[in-house]
Amino acid sequence: MQTLQRTPLHARHLAAGARLVPFAGWEMPVQYEGVIPEHRAVRTDAGVFDVSHMGQLHVEGPSARELLQSLLSNDLEKIGDGEAQYTLLTNEQGGIVDDLIAYRLSAHHFLLIVNAGNRAAAHTWVKERELRGSEVRDASDDYALLAVQGPRALERLGLPAARPFTHAMGELDGIEVMVNRTGYTGEEGAELMCPAEDAEALWDAVCARGVVPCGLGARDTLRLEVCYPLHGNDITPETDPISAGLGWACALGKEFTGVERIRAVKEAGPERKLVAFVMEEKAIPRNGMAIAGGGKVTSGTHSPMLDKGIGLGYVPAESAASGSELTIDVRGKERRATVVPKPIYKREET
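Every value quoted in this text rests on a predicted model; they were computed, and no experiment measured them.

**Quick notes on the overall build of the chain**
Part 1 of the reasoning: For the chain, the count of helices and strands is eight helices and 19 strands.
Part 2 of the reasoning: In terms of its C-alpha atoms, the chain occupies a principal-axis envelope of roughly 55 × 50 × 50 Å.
Part 3 of the reasoning: Every one of the 350 residues in the chain was classed for burial, and the buried ones make up 56%.
Part 4 of the reasoning: Here the analysis covers contacts within the chain between residues at least 6 apart in sequence; of these, 67% occur between residues at least 24 apart.
Part 5 of the reasoning: Surface exposure of the chain reaches about 15,500 Å², of which carbon and sulfur atoms provide 48%.
Part 6 of the reasoning: Averaged over its 37 positive side-chain charges, the chain has a centre that lies 4 Å from the centre of its 49 negative ones.

Next up, the structure:
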C-alpha cells in the first residue's frame, strides 16, 4: 500500500478538522467547513489553499533559458526578471506532459511550478535533456506554497496591487515570502512561497487576517467555473494544445519539442475541441460521461455560483460552436446541455 506524502501543514489541517483524502500521492484536505461555503468565500472575500504538494523545479546556468526554450511551448523571451508565464511541457507527439508556470528569477535562473502528480515526470523530462551549462534540480521539499485567492485577498494580506504573472520577494508578519501574482481560481490574489519550516507560521498569519481555509474540493469547482484545465482530466500527454484551446500558450514560430505536430493540427484544424458547457436540465456531469456524437466529459461539477451543472468536454469540431446543443449520458439518462463561451462564470461588474 502506498504511503501518502504530507505537506508541512498537515498538523494544521488536522487541527482545523479538515476532511483529508488521497490526491496525487498526497494526503490533502478536500474541505474544512464545506465545499460550497469555501467556494463562496473565495468568490466574495478571500480563501487560502495549501498547495505545497505542487512541484518546484529550479533550472539554472548560462544555458538554462536555451534549454527551456527548447522544451516549453511559450516564448520565454517575452518575460523579464520578476515576471512569470503560463506554458506547456510537450512531448514529441505534441502532447502535454504538464502545464506549468515558469518564473524568471534572473537571466540564468528559472523556477518551474509543476503539478503535484507530474512532479517526477516533469523533473525527469527536463533533467534528461540538460544542456552543458544548465542544471535542473527538484527543490519541492524545501518549500511550502499557500494560494490566497479572492477579491479581498490582497487587502487582507496588506499587499499592494501588482500585475498578474509577476513576482517579488516580500514579507508577511515577519515571515519572508516570495509573492507570486498567480492563482487557479480566476480571482485576484497571490501564491506565497516560503521555506518549509516557516509554513505553519505563515498559515497562522494568513488565517489570523480573516482568510478562510479552503480545500481541494473548492479549488476544483472554482477552476472549473473559469475553465482552467486540470492535467490528467482535460489535458494529458495524448492531448494536443490546439484541440485543448491552449494554442495561445504556444509560440509556434520557435522550435520546441513536438512543435511540428502542433503546427500540423493548427493548419488542418483540430478534429475535436475542448468546450465549456452548462446543463439545461437538473444533472451533474462527471469525468468520463459520454457526449452524444462521439464526445466525452473531462470535468464536471455543480457550480455554486450559477446553481447549475457545468463542465468541460471534448466534442467533434463541428459541435464546438457556442450555442451548440449537447446530449450527455448522465448515469444512463440523456440530459441536455449547451456549449457556452469560456469562462463559464464571470463576475458581474458593479
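**A look at the pattern of salt bridges**
Part 1 of the reasoning: This model, assessed by the stated rule, comprises 23 salt bridges.
Part 2 of the reasoning: The salt bridge partner of Glu200 is Arg12, with a shortest N-O separation of 3.4 Å. One end of the pair, Glu200, is in helix H6 (residues 199-208); the other, Arg12, is in helix H1 (residues 10-15), with 188 residues separating them in the sequence.
Part 3 of the reasoning: Of the charged contacts, one joins Asp220 and Arg223 as a salt bridge, the two residues approaching to 2.9 Å between their closest N and O atoms.

**Observations concerning the pairing of strand E17 (residues 308-316)**
Part 1 of the reasoning: Of all nine residues in E17, eight are buried; the element is thus mostly enclosed.
Part 2 of the reasoning: Across seven bridges, the pairing between strand E14 (residues 272-279) and E17 is antiparallel. Paired with Ala276 across the bridge in E17 is Leu312.
Part 3 of the reasoning: Bridge analysis of strand E16 (residues 295-303) against E17 gives seven bridges, and the strand direction is antiparallel. Directly across from Lys296, in E17, lies its bridge partner Tyr314.

Quick notes on the rules
- Residues numbered from 1 in each chain as written.
- Predicted model: local features only at pLDDT ≥ 70, side-chain atom pairs only at ≥ 80, totals over all residues.
- Heavy atoms only, no water.
- Helix = DSSP H or I, 4+ residues; strand = E, 2+ residues; numbered from the N terminus.
- Buried < 20%, exposed > 50% of the residue type's maximum accessible area, 1.4 Å probe, protein only.
- Contact = heavy atoms within 4.5 Å.
- Areas by Shrake-Rupley, 256 points an atom, 1.4 Å probe, with all protein chains shown as cover.
- Lys, Arg positive; Asp, Glu negative; His and termini not counted.
- Charge placed at Lys NZ, Arg CZ, Asp CG, Glu CD.
- Salt bridge = Lys/Arg side-chain N within 4 Å of Asp/Glu carboxyl O.
- Pairing = 2+ DSSP bridges.

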